[in-house]
Amino acid sequence: MIDLDPQCNLTIYSLSMEDVHKVWAPEDAFIDDFQSARNSISTQEFDRLVDDLRSVHFILKPTEDGTAELDQLPQPIELGKGVDLIPGRLTLHLYEAKVGERWSGVYQGDPLSIRTATRIRSVAREYADRYGYDYVLFDTSPSLGALNKSLLSLADGFIIPCSPDLFSLYGIRNIGSALKTWRSQFETIFHFLSDSKRSEFPSRFVEFLGYTIYNAKKYSGSGNSLNIAQAHFHYAERIPETIETYIAESSRTKVGMPTLRKAIGGMSVIHTHNTLPSMAQKYTEPMWKLPSLIVEPEDRNTIMGNRKIYEDTKAAYIEFAEDFVRRAEALDD
């Protein structure tokens, strides 16, 4: 997972504040001026710095500054078996500004512009090749700015997280409109660039894999098919038709609308977890692991009193992940 949201929520949920500080503090001078900071220390010191865990902005900074790329990529942090993270950084908006500034140069085949627009994908591929990853997940911000335009042009597939409210319906409409524009730009880039320069981009435009519903209030007596409060169901039931109307068929994966009309994982993760995520963030562990951890005394009774609820989240997220994988595999068709 690569945290590409300048708000760094994935990083904050995954690492303690002390660990985040250990990543960010040694990078500060490099984020200000990468080449100057690199020249101020010995080769051995720099190699040790790079060999340690670093943020994604540190990795992208040479591209942002137009200097030589790193000879080797920093190690990711292992969060669990087969799950690694490249942490985010609050300064990533600086890279986004460069993406927006240099985007027009992509059409002229300017090497630095192409490098800036595609560097995240090339980094992801390098990590996948080195560590044998099956998937690289980009965690993005909920915006349609320059960085996300670049990311959606670089990714193979994308999902839309939806809360059951009016804002998500309008968000889907905005994404659909943006995708039409970005797809046109993507095709224009392919028309103008040589084969060698085009190879930095994916061979086809990104495809929609589905949506999630989260934080819906569970209400078994609601009488609706999702067992959620009627106010939430009012908006949740409109998500599929909004997708079908505003996400063009050419931008959807080949699993078909009957599958895409259903939330990823069905009803497995749509209901609110109340305070469980906050507790998971405090201990930087998945919710289902908390009952087996040594926790602070003031949290012990709360966690153990709801042990089954915590532990049952594991099966729900396995169900979610299996559905996601089935949809992702359709990208190879």
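Refer to the structure presented above.
Conventions used here
- Residues numbered from 1 in each chain as written.
- Predicted model: local features only at pLDDT ≥ 70, side-chain atom pairs only at ≥ 80, totals over all residues.
- Heavy atoms only, no water.
- Helix = DSSP H or I, 4+ residues; strand = E, 2+ residues; numbered from the N terminus.
- Buried < 20%, exposed > 50% of the residue type's maximum accessible area, 1.4 Å probe, protein only.
- Contact = heavy atoms within 4.5 Å.
- 1 Å grid on protein atoms, 1.4 Å probe; cavity = no way out; pocket = protein on both sides within 12 Å on 5 of 7 lines; lining within 4 Å.
- Points joined across faces, edges and corners; volume = space filled by probe spheres on them.
- Nonpolar A, V, L, I, M, F, W, Y, C, P; charged D, E, K, R; others polar.
- Axes fitted to C-alpha atoms, helices over the stretch in contact; angles between N-to-C directions.
- Parallel < 35°, antiparallel > 145°, perpendicular 65-115°, else oblique.
- Left-handed = near helix turned anticlockwise from the far one by under 90°.
- Patch = residues over 30% accessible without salt bridge, like charges linked within 9 Å, V, L, I, M, F, W, Y side chains within 5 Å.
- Areas by Shrake-Rupley, 256 points an atom, 1.4 Å probe, with all protein chains shown as cover.
- Salt bridge = Lys/Arg side-chain N within 4 Å of Asp/Glu carboxyl O.
- Lys, Arg positive; Asp, Glu negative; His and termini not counted.
- Charge placed at Lys NZ, Arg CZ, Asp CG, Glu CD.
- Core = buried A, V, L, I, M, F, W, Y, C linked by side-chain atoms within 4.5 Å.
- Arc of directions from axis to C-beta.
- Pairing = 2+ DSSP bridges.

As for its placement among the helices and strands, Gly210 is situated in strand 6 (residues 207-213). Its relative accessible area of 0% is what places Gly210 among the buried residues. Measuring from C-alpha to C-alpha, the distance between Gly210 and Ile172 comes to 11 Å, with 38 residues separating the pair along the chain. Each residue touching Gly210, except ones within four places of it in the same chain, is listed here: Phe158, Ile159, Ile160, Leu260, Ile264 and Arg327.

To locate leftover empty space, one rolls a probe as large as a water molecule over the atoms. Reported here for the second largest pocket is a volume of approximately 430 Å³. Around the second largest pocket, the lining is made up of 19 residues, and of these His271, Thr272, His273, Asn274 and Ile309 lie nearest the centre. Take the lining of the second largest pocket: its biggest share by element is five residues, from helix 17 (residues 307-329). Of the residues that constitute the lining of the second largest pocket, the class distribution is seven nonpolar, nine polar and three charged.

Axis separation between helix 10 (residues 166-192) and helix 13 (residues 239-246) bottoms out at 9 Å; the angle between their running directions is 15 degrees. Taken together, the axes of helix 10 and helix 13 are roughly parallel relative to one another. Two packed elements cross with a definite hand, and for helix 10 against helix 13 that hand is right-handed. Taken together, the residues of helix 13 that come into contact with helix 10 (itself represented by Leu169, Ile172, Arg173 and Gly176) are Ile239, Thr242, Ile243 and Tyr246. When the residues that make up the contact of helix 10 with helix 13 are grouped by side-chain class, the tally is five nonpolar, two polar and one charged.

A cluster of acidic side chains, namely Asp47, Asp51, Asp52 and Asp71, defines a negative patch on the protein surface. Within the secondary structure, Asp71 is located in the loop between helix 6 (56-65) and strand 2 (77-80). The exposure class of Asp71 is exposed, given its relative accessible area of 75%.

Tracing the sequence through the fold places Leu152 in helix 9 (residues 146-154). Put simply, Leu152 and Gly265 are 113 residues apart on the chain and 23 Å apart in space, counted from C-alpha to C-alpha. Ignoring anything within four residues of it in the chain, the contact list for Leu152 reads Phe158, Leu179, Trp182, Phe205 and Val206.

Residues Phe201, Tyr211 and Ile213 are the most contacted members of the largest nonpolar core, which totals 54 residues. With nine residues, helix 10 is the single largest residue contributor to this core. The residues contacting Phe201, other than those within four sequence positions of it, are Val106, Ile114, Thr118, Arg121, Leu154, Phe186, Ile189, Phe190 and Leu193. Among the nonpolar cores identified, the runner-up in size contains nine residues, and Leu276, Ala280, Met287 and Val295 belong to it.

Taken together, the buried positions of helix 5 (residues 43-51) are occupied by Phe46, Leu49 and Val50. For helix 5, the arc enclosing every buried residue in end-on projection is 95 degrees, short of the 170-degree limit, so these residues lie on one face. Residues Gln44 and Arg48 are exposed on helix 5 and point more than 90 degrees away from its buried face. Where helix 5 is buried, its residues touch helix 3 (28-32), helix 4 (34-39) and helix 6.

Direction of pairing for strand 2 relative to strand 3 (residues 83-85): antiparallel, over a ladder of three bridges. Bridging from a neighbouring strand, Ile77 pairs with Leu85 of strand 3. Between strand 2 and strand 3, which pair antiparallel one after the other, the connecting turn spans two residues, and Gly82 there sits at a positive phi close to 75 degrees.

One non-glycine residue, Asn215, lies in positive phi territory at about 60 degrees. Its place among the elements puts Asn215 in the loop between strand 6 and helix 12 (230-236). Not every positive phi belongs to a glycine, and Thr284 is a case in point at roughly 45 degrees. Mapped onto the elements of the fold, Thr284 is located in the loop between helix 15 (276-283) and helix 16 (297-305). Here Thr284 falls in the partly exposed class, since its relative accessible area comes to 24%.

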